[in-house]
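# Inside the fold
The residues making up each chain are set out below.
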Amino acid sequence: MNILVINAGSSSLKYQLLNPESGELLAKGLCERIGIDGKFTYKPQIEGKEVLDAVDVAMPTHSEAIQAVMNALVDEKNGVVASMKEIDAVGHRVVHGGEAFNKSVLITDEVMKALEDCIPLAPLHNPANITGINACTAVMGADVPQVAVFDTAFHQTMPAEAFLYGLPYEAYTDLMVRRYGFHGTSHKYVAGRAAAMLGKDASELKLISCHLGNGSSVTAIDGGKSVDTSMGFTPLAGLPMGTRAGDLDAGILEFLMNKYGMDIKEMVSILNKKSGVQGVSGVSSDFRDLENAFKDGNDRAGLAVDMFNYGVKKLIGSYAAAMGGVDAVIFTAGVGENGGHNRANITSGLEFMGIKIDAEKNKIRGEEIDISAEGAAVRTLVIPTNEELMIALDTAALAK
Ligand code: AMP
């Protein structure tokens, strides 16, 4: 079975063709500058097939982008399947499913209507996801099953005490203002892999999943269910991230807006694009750049990383308290998978909780590994995330 996984943005579209049963990736790539001048990248994973790197392809809309993907995948010389018939279903990453979706769903007219209803919750992302779905229908026909996989769905199991804000209750009942959480596909995937690594059923485990990348979130997973997570109504909440501020005192907004004469749009843009470790360091949003700058004597770069690590440490402590214990802490995504210094810094001082890592194992990269020190009561796992595989697995299950 071959599943096409689509992650559509407003002017870009990432794709992967993979076999969820074997996990084999056949091809991946990216359509960029859709509606502008159209750049197409195609990376077949079969030896001898030619890579296309940001070549010019006219893509006035997402439909031409999907058509370009199809043409490349079935191309006689460099394609990876003989015809479109060998693509059994399409899985779409959809950012926001609101309270309407607590799991992945087969896309129907009714689902499309519900996705439209979720647009106010993710005005930048959901319209692009809907456009991606419509483009696939236009190019592939209505008979190919399509599935929506939501970033928010995994967190719909959170209890009200974890998802409500201390606002007038009507903000929730009338306007659906609550914590939704994101990165759900990644947290669900690594939680499943952690259970497999520990030889246990997910229902028996209390896990803390740390998805640390350019965007970061930490999730408490009790018995296979998300019970709390650090992102909120939007992905702006929780940890200070690459460029996002994370949690802050809402009173600061009025203070800064008055001082700098900014409107709310400018303020939110700063919170999303000029804050986090980029804002604190003044150097970069990229953790490798920060590490290098710190080595070169830039203390603010070091402080930004310390702030980030401290934030993760506090979340691990608070989620262990929320669940009444923890069996394993998982590190995933760019920083979680590669940042040995970050992992060492985050876990140091948590020995009282039974968390202790092995310095040698902590150096190993690029594989699923238990980096716990001998005798540690709580396992510390590094698990490369694979959101596309998770989307393909959900899509295959529903398409069948
Ligand atoms: P992601 O959003 O998951 O792609 O993660 C991107 C982040 O991972 C960037 O900030 C990278 O600097 C960071 N990253 C990648 N490799 C390393 C590394 N070896 N050490 C620390 N951070 C890394």
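Counting of residues starts from 1 at the beginning of each chain's written sequence and follows it residue by residue. Reporting of local features is limited, given that this is a predicted model, to residues whose pLDDT is at least 70; pairs of side-chain atoms are given and counted only at 80 or more, and all residues count toward the totals for whole chains, interfaces and linings. Derived side-chain values reflect all non-hydrogen atoms in the structure, with water molecules and hydrogen atoms excluded from consideration.

Take Ser284: it is sitting in the loop between α9 (276-281) and α10 (287-295). Working definition: with a 1.4 Å probe on protein chains only, accessible area under 20% of the residue-type maximum means buried, over 50% means exposed, and in between means partly exposed. Residue class for Ser284 comes out buried when judged on its relative accessible area of 8%. Sequence separation of Ser284 and Ala237 is 47 residues, and the distance between their C-alpha atoms is 20 Å. In contact with Ser284, not counting residues within four places along its chain, are Val277, Gln278, Asp289 and Leu290. Pairs of N or O atoms within 3.5 Å make up the polar contacts considered here, provided that, within protein, one atom can donate a hydrogen while the other can accept it, and that residues adjacent in sequence are counted only when both atoms are side-chain atoms. Reaching out from Ser284, the side chain makes a polar contact with the backbone nitrogen of Asp286 at a distance of 2.9 Å. A polar atom in the side chain of Ser284 sits 2.8 Å from the side chain of Asp289. Where helices and strands are cited, they refer to DSSP runs of H or I of at least four residues and of E of at least two residues respectively, numbered from the N terminus. By the convention used here, residues are in contact when the closest approach between their heavy atoms is within 4.5 Å.

To continue, consider the site of the ligand. Nearness here has a simple test: a residue counts as near a molecule or strand if at least one of its heavy atoms is within 4 Å of that partner. Contacts to the ligand come from Gly213, Asn214, Ser285, Asp286, Phe287, Arg288, Ala333, Gly334, Val335, Asn338, Gly339 and Arg365. Asp286 places a polar side-chain atom, nitrogen or oxygen, 2.4 Å from an oxygen atom of the ligand. One nitrogen or oxygen atom from the main chain of Gly334 is found 2.8 Å from an oxygen atom belonging to the ligand. To measure how exposed things are, a 1.4 Å probe is used in the Shrake-Rupley method; for residues, cover is taken only from the protein chains shown. Expressed as a share of its isolated accessible area of 500 Å², the protein-covered part of the ligand is 75%. Here the shell around the ligand takes four residues from helix α12 (residues 333-338), the largest share from any one element. When residues are sorted by character, Ala, Val, Leu, Ile, Met, Phe, Trp, Tyr, Cys and Pro go into the nonpolar class, Asp, Glu, Lys and Arg into the charged class, and all the rest, Gly among them, into the polar class. The residue inventory of the shell around the ligand, partitioned by class, reads three nonpolar, six polar and three charged.

Once that is clear, we can look at the packing of aromatic side chains. What counts as a ring pair is set by centres within 6.5 Å for rings of Phe, Tyr and Trp (its six-membered ring), and what kind of pair is set by the plane angle: stacked under 30 degrees, edge-to-face over 60, tilted for all other angles. Here the structure, examined in full by the defined rule, presents six aromatic pairs. Between Tyr15 and Phe40 the ring centres are 6.1 Å apart and the planes differ by 5°, which places this aromatic pair in the stacked class. Here Tyr15, found in strand β2 (residues 13-18), pairs with Phe40, found in strand β4 (residues 39-44); they are 25 residues apart in sequence, far enough to count as distant. By the burial criterion, Tyr15 is buried, and Phe40 matches it. Where Tyr180 meets Phe233, the ring centres are 6.2 Å apart and the plane angle is 40°; that geometry is what we call tilted. Placement of Tyr180 in the loop between α5 (170-173) and α6 (184-198) and of Phe233 in the loop between β11 (225-229) and α7 (251-260) is noted, with a sequence separation of 53 residues between them.

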